[in-house]
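Now for the letters of each chain:
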Amino acid sequence: MEDTMAQPNATQKPDPDLASTQRDPEEQRDPEEEAVHRALERYYRAGKPPWDTGVTPPELVDLVEGPGALPPGRALELGCGTGTNATYLARHGWEVAAVDLIDRAVDQAREKAAAAGVAVRVRHGDATRLDELDVPGPFDLFFDLSCYCGVPLHRRDAYAAGLTHRAAPGARLLMFGYGPEPIGNPVPEVASWAAGVTADELRARFRGWELLDVTPGTNAVPTFWFTLRRDA
């Protein structure tokens, strides 16, 4: 059962901020990627991003501790923020790697894991460019709390390929994200990263995975928990 106090606050969708896409010529991100990066940085500079509640979602707790819980293995968190969930997984016997694009989030995640006395390999980098990071896998569990839904559309295939390449047979992906429509009123396709993510998009992009479950969140805007499983 969902605890609304533990749900990410997704009442604010990321702001594309297309007016702030000017970048240094040495930057490797294209204008859309730079817009996302700047929007994320603004949230952290302002204090506390709405998706980083400091409380591990009950959906992840159920997967780790509930009936039919996964046995501890290797986990990778995409967009780990300040490390709440990576630290939780490590406390429950998982070997954890975590990735975030924002340097101040990475610093806080490392501090949080150290304070808890657990080992988490936190990497500063892009979840769509895992080959550039020291996260070779294979992983038994991937966790994504509002990361994929903010990835520009032209980088989403790379995200899916990176996870697929690192997934152990039968690996799970638990993903939370906002979407453009409530269940039962589908939109044919996501035309902009700012629209979020749909179940149909995940089915199309994550080849070799099965979409096991889609559960609506409890936020003011449409949000969903998606559970996928890599083919054995």
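Because the structure is a prediction, the values reported are computed rather than measured. (Residues numbered from 1 in each chain as written. Predicted model: local features only at pLDDT ≥ 70, side-chain atom pairs only at ≥ 80, totals over all residues. Heavy atoms only, no water.)

Quick look at the pairing of strand β6 (residues 209-216)
The condition is simple: The rule for pairing is simple: two strands pair if DSSP sees at least two bridges between them. Per the convention used, a helix needs a DSSP run of H or I reaching at least four residues, while a strand needs a run of E reaching at least two, with both numbered from the N terminus.
Both β6 and strand β7 (residues 223-230) contribute to a ladder of seven bridges, which runs antiparallel. Note that in β7 the partner of Thr 215 across the bridge is Trp 225.

So, the side chain of Arg 205
We apply this condition: Distance and chemistry together define a polar contact, namely a pair of N or O atoms within 3.5 Å, with one atom able to donate a hydrogen and the other to accept it when in protein, and with adjacent residues in sequence counting only for side-chain atoms on both sides. Any two residues whose heavy atoms approach within 4.5 Å at even a single point are treated as in contact.
Assignment of secondary structure puts Arg 205 in helix α6 (residues 199-205). A polar side-chain atom of Arg 205 sits 2.7 Å from a polar atom in the side chain of Glu 201. Among all residues touching Arg 205, those that are not within four sequence positions of it are Tyr 148, Leu 153, Arg 156, Asp 157 and Ala 160.

Concerning the sheet that holds β6
Defined as follows: Here an angle of 0 to 180 degrees is reported between the N-to-C directions of two axes, which are lines fitted to C-alpha atoms, with helices fitted over the stretch in contact.
Ordered by their spatial adjacency, seven strands build an open sheet running β3-β2-β1-β4-β5-β7-β6, and the pairing between neighbours is mixed. Edge positions in the open sheet fall to β3 (120-124) and β6, since each of these has one partner strand only. Strand after strand, the sheet turns through a mean of 15° between neighbouring axes, direction not considered. Note: strand β2 (residues 95-100) against β3, five bridges, orientation parallel. When the bridges of β3 are listed, Asp 100 appears paired with His 124. Taken strand by strand, helix α2 (residues 58-65) contacts β4 (139-145), β5 (167-178) and β7, and its axis lies near 160° from that of β5.

A short note on the pattern of salt bridges
Test applied: The salt bridge definition used is simple: a Lys or Arg side-chain nitrogen within 4 Å of an Asp or Glu carboxyl oxygen.
In this structure the tally under the stated criterion is 13 salt bridges. Across the pair Glu 33 and Arg 129 runs a salt bridge, and its minimum N-O distance is 2.7 Å. Of the two residues, Glu 33 is situated in helix α1 (residues 31-46) and Arg 129 in the loop between β3 and β4; the sequence distance between them amounts to 96 residues. For the salt bridge of Glu 95 with Arg 74, the shortest nitrogen-to-oxygen distance reads 3.6 Å. Placement of the pair is Glu 95 in strand β2 and Arg 74 in strand β1 (residues 74-78), with a sequence separation of 21 residues. Here the residues in one salt-bridge network are Arg 156, Asp 157, Glu 201 and Arg 205, joined through shared partners.

Here we look at the confidence of the model for the protein
Under the convention used in this document: For every residue, the predictor states its confidence as a pLDDT score lying anywhere from 0 to 100.
Here the protein averages 85 in pLDDT, while 81% of its residues score no lower than 70. Throughout residues 10-27 the model reports pLDDT below 50, and contacts reaching past four residues in sequence, or to other chains, amount to 39 contacts.

Considering α2
Quick note on the threshold: For every residue, the accessible area (1.4 Å probe, protein chains only) is compared with the maximum for its type, and the residue is labelled buried under 20%, exposed over 50%, or partly exposed between those bounds. The arc in question is traced by the directions running from the helix axis to the C-beta atoms.
For α2, the complete set of buried residues consists of Glu 59, Leu 60, Leu 63 and Val 64. Here the buried residues of α2 occupy an arc of 130° about the axis, which is enough to place them on one side. Check the buried side of α2 and you find it contacts α3 (84-91), β4, β5 and β7.

A look at the packing of α2 against α3
Quick note on the threshold: Any angle that is under 35 degrees is reported as roughly parallel, and any over 145 degrees as roughly antiparallel; angles of 65 to 115 degrees are reported as roughly perpendicular and all others as oblique. Should the near helix be turned anticlockwise from the far one by less than a right angle, the crossing is left-handed, and should it be turned clockwise, the crossing is right-handed.
Their axes nearest at 11 Å, the elements α2 and α3 cross at an angle of 15°. As summarised for this structure, α2 and α3 are arranged roughly parallel, according to the angle between their axes. The interaxial crossing formed by α2 with α3 has right-handed handedness. Residues Leu 60, Val 61, Val 64 and Glu 65 of α2 lie in contact with α3, whose contacting residues are Asn 85, Tyr 88 and Leu 89.

Some words on α3
With respect to burial, α3 is a largely interior element, seven of its eight residues being buried. Buried within α3 we find Thr 84, Asn 85, Ala 86, Thr 87, Tyr 88, Leu 89 and Ala 90. Tucked into the core, α3 has its buried residues touching α2, β1, β2, α4 (103-116), β3 and β4.

Digging into the nonpolar core
Cut-off, in case you're wondering: Among buried residues, the Ala, Val, Leu, Ile, Met, Phe, Trp, Tyr and Cys ones that are joined through side-chain atoms within 4.5 Å form a nonpolar core.
Residues Leu 76, Leu 78, Phe 142, Tyr 159, Leu 163, Phe 206 and Phe 226 are the most contacted members of the largest nonpolar core, which totals 31 residues. Among the secondary structure elements, those contributing two or more residues to this core are β1, β2, β4, α5 (156-166), β5, α6, β6 and β7. Beyond its immediate sequence surroundings of up to four residues, Leu 163 is in contact with Leu 78, Leu 130, Phe 142, Leu 173, Phe 206 and Trp 209. Of all hydrophobic cores here, the second largest spans 25 residues; its members include Leu 60, Ala 98, Phe 176 and Trp 225.

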